[in-house]
Amino acid sequence: MQGAVQYRPSILAADFAAAVKPYHDNPELYKRTNCYSYALGLPELGCAVPGHLTDPSGRLYSHMAHADYMRKLFEKDGLIEISHDTLCIAKTQVIAVAIKEYFNGHVLKYHQDGTWSHQAGFAQPITNLDSDNKIIIDPRQANLGFYDEFVAYFKVPEAGLAIASF
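Residues numbered from 1 in each chain as written. Predicted model: local features only at pLDDT ≥ 70, side-chain atom pairs only at ≥ 80, totals over all residues. Heavy atoms only, no water.

Undergrad: How should the sheet that holds strand 2 (residues 80-82) be read in this particular structure?
TA: The strands making up a sheet are joined through hydrogen bonds of the backbone, oriented either antiparallel or parallel. Taking strand neighbours across the sheet as the criterion, the 6 strands line up as 2-7-3-4-5-6 in an open arrangement whose pairing is antiparallel. Edge positions in the sheet fall to strand 2 and strand 6 (126-127), since each of these pairs with one other strand and no more. Bridge count for strand 3 (residues 94-100) against strand 4 (residues 104-110) is 6 bridges, and the pairing is antiparallel. Bridging across to strand 4, A98 finds its partner in H106. Set on the sheet, helix 3 (residues 67-76) makes contact with strand 2, strand 3, strand 4 and strand 7 (149-155); between it and strand 7 the angle comes to about 15 degrees. (Pairing = 2+ DSSP bridges. Helix = DSSP H or I, 4+ residues; strand = E, 2+ residues; numbered from the N terminus. Contact = heavy atoms within 4.5 Å. Axes fitted to C-alpha atoms, helices over the stretch in contact; angles between N-to-C directions.)

Undergrad: In this structure, what is going on with the pattern of salt bridges? I would like to understand it.
TA: One pass over the structure, following the stated rule, counts 6 salt bridges. Across the pair E81 and R71 runs a salt bridge, and its minimum N-O distance is 3.2 Å. You can see E81 sitting in strand 2 and its partner R71 sitting in helix 3, a full 10 residues away along the chain. Of the charged contacts in the structure, one is a salt bridge between D138 and R140, with a shortest N-O distance of 2.8 Å. Through salt bridges with shared partners, one network takes in D68, R71 and E81. (Salt bridge = Lys/Arg side-chain N within 4 Å of Asp/Glu carboxyl O.)

Undergrad: Sorry, what's going on with unusual backbone geometry here?
TA: Excluding glycine, residues mostly have negative phi values, and the peptide bonds linking residues are mostly trans. Phi at A123 takes a positive value of approximately 65 degrees, unusual for a residue other than glycine. The residue A123 is located in the loop between strand 5 (116-119) and strand 6 in this model. A positive phi angle, close to 60 degrees, is found at N133, a residue other than glycine.

Undergrad: I'm lost on the packing of aromatic side chains in this one. Help?
TA: Aromatic rings in a pair are described by how distant their centres are and how their planes are angled relative to each other. Summed over the entire model, instances satisfying the criterion amount to 9 aromatic pairs. Three or more aromatic residues link up through ring pairs in this structure, and these residues are Y110, W116, F150 and Y153. Over the ring of F146 we find K100, and its NZ or CZ is 5.6 Å from the ring centre. Directly above the ring of Y38 sits K109, whose terminal nitrogen or CZ lies 5.2 Å from the centroid. (Phe/Tyr/Trp six-rings, centres within 6.5 Å; stacked < 30°, edge-to-face > 60°. Lys NZ or Arg CZ within 6 Å of the ring centre and 35° of its normal.)

Undergrad: Got a minute to help me understand the nonpolar core in this structure?
TA: A general tendency of soluble globular proteins is for nonpolar side chains to be buried together. In this structure, Y36, L40, L53, F74, L79, I95 and L161 are the most contacted members of the largest nonpolar core, which totals 23 residues. Listing elements by their share of this core, those giving two or more residues are helix 2 (35-40), helix 3, strand 3, strand 7 and strand 8 (161-164). For F74, the contacting residues outside a window of four places in its chain are Y36, P50, L79, I95, V97, V107 and F154. (Core = buried A, V, L, I, M, F, W, Y, C linked by side-chain atoms within 4.5 Å. Buried < 20%, exposed > 50% of the residue type's maximum accessible area, 1.4 Å probe, protein only.)

Next up, the structure:
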């Protein structure tokens, strides 16, 4: 049974060190989160699924992993698509989405210093490096390994995200 919906703010981290601090303070978080919950700055979401923040029973299937459908899923979660040019004025958390079409998606987290980081997947390490071991400055240009198509940037609304509580 689905519980009440709460609005949770998601504040933009100053840099990589600030973004990973909760994970260093509590190493068990790595074991309970994925790229989406990390990127949103909401580790309490666990293994978050795009399009299902108010209904955590949802799953992401490979046929969903194409750019237009992924946009719809993130918008369903209440995220707002923004352009690269507006990243520097964002006050709330910004994420970038990349996909391997018809297979899977990946989410990166933006920091106030203009760098990005990401969790490699469920219960995986967090890094600010791409597959070429370069600090990620622009996810559109970064080597994200398996993920070869950039989809879009999204920001969390100032009121926060609607999240189901149980």
